[in-house]
Amino acid sequence: MDGVEFLTWLRNRDLREGPRLLPPLLWSTLPWLEASKVSVNLSPPLFSSQPQAGRRQTLPRGPQIIDLYVVYAIVTAVIQVVYMGIVGSFPFNSFLSGVLSCVGTAVLAVCLRIQVNKENKEFKDLPPERAYADFVLCNLVLHLVVMNFLG
């Protein structure tokens, strides 16, 4: 059994035999496998114009906005770290306050996204309004601590 036959067997084996060793995303990163003599399509496309059955084509608007907010908070923290590396960290309390504020806000936003996700079974009894209220209250407490740490 050569390498291509082994990978074909690995890809097509039954799920009852145990978990797959290679995730599907890894199959698309093996370009030499597509050019081989295997007639089975081992690398599914990452982006398809036709969605697979049972999958959503796009996320709802709410989680998209939360995801953008998380990315914004993390990018702001990275910019602050780069600025501190270039200019210096004379008021170190200010630097720590700014970075902890960004990271804490991102963590709270990820928690919010987990709570408002309709597919999450753990928080199905939690109304979204309660999750948003918790997010606002925790952000208020976080920023009060950050303001106190500033001095």
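Definitions and cut-offs
Residues numbered from 1 in each chain as written. Predicted model: local features only at pLDDT ≥ 70, side-chain atom pairs only at ≥ 80, totals over all residues. Heavy atoms only, no water. Helix = DSSP H or I, 4+ residues; strand = E, 2+ residues; numbered from the N terminus. Contact = heavy atoms within 4.5 Å. Axes fitted to C-alpha atoms, helices over the stretch in contact; angles between N-to-C directions. Parallel < 35°, antiparallel > 145°, perpendicular 65-115°, else oblique. Left-handed = near helix turned anticlockwise from the far one by under 90°. Nonpolar A, V, L, I, M, F, W, Y, C, P; charged D, E, K, R; others polar. UniProt positions renumbered as here; feature names shortened; annotations may be inferred. Patch = residues over 30% accessible without salt bridge, like charges linked within 9 Å, V, L, I, M, F, W, Y side chains within 5 Å. Areas by Shrake-Rupley, 256 points an atom, 1.4 Å probe, with all protein chains shown as cover. Salt bridge = Lys/Arg side-chain N within 4 Å of Asp/Glu carboxyl O. Buried < 20%, exposed > 50% of the residue type's maximum accessible area, 1.4 Å probe, protein only.

Draft legend 1. Summary view of the side chain of N139. Considering the arrangement of structural elements, one finds N139 in helix α6 (residues 128-150). Excluding residues within four positions of it along the chain, N139 makes contact with T105 and L108.

Draft legend 2. The arrangement of the packing of helix α4 (residues 61-87) against helix α5 (residues 92-116) in detail. Interhelical geometry of α4 versus α5 gives an angle of 165° and a closest axis separation of 9 Å. Between α4 and α5, the angle falls in the class roughly antiparallel. When you trace α4 past α5, the crossing you get is left-handed. Counted together, P63, I66, D67, Y69, V70, A73, I74, T76, A77, Q80, V81 and M84 of α4 and F95, G98, V99, C102, V103, T105, A106, A109, V110, L112, R113 and V116 of α5 form the full contact between these two elements. Residues of the contact of α4 with α5, tallied by class, amount to 18 nonpolar, 4 polar and 2 charged.

Draft legend 3. Molecular detail of the UniProt feature "transmembrane region" (unreviewed entry) in the protein chain. Here the UniProt feature "transmembrane region" (unreviewed entry) sits at residues 65-86, 92-112 and 132-150. Along residues 92-112 one finds 100% helix and 0% strand; the C-alpha atoms at either end are 30 Å apart. For residues 132-150, helix accounts for 100% and strand for 0%, while the C-alpha atoms at its two ends are 27 Å apart.

Draft legend 4. How the structure looks around a nonpolar patch on the surface. A surface patch of nonpolar side chains, about 600 Å² in accessible area, is lined by I74, V78, V82, Y83, I86 and V87. Mapped onto the fold, Y83 is located in helix α4. Looking at Y83, the relative accessible area reads 52%, which means it is exposed.

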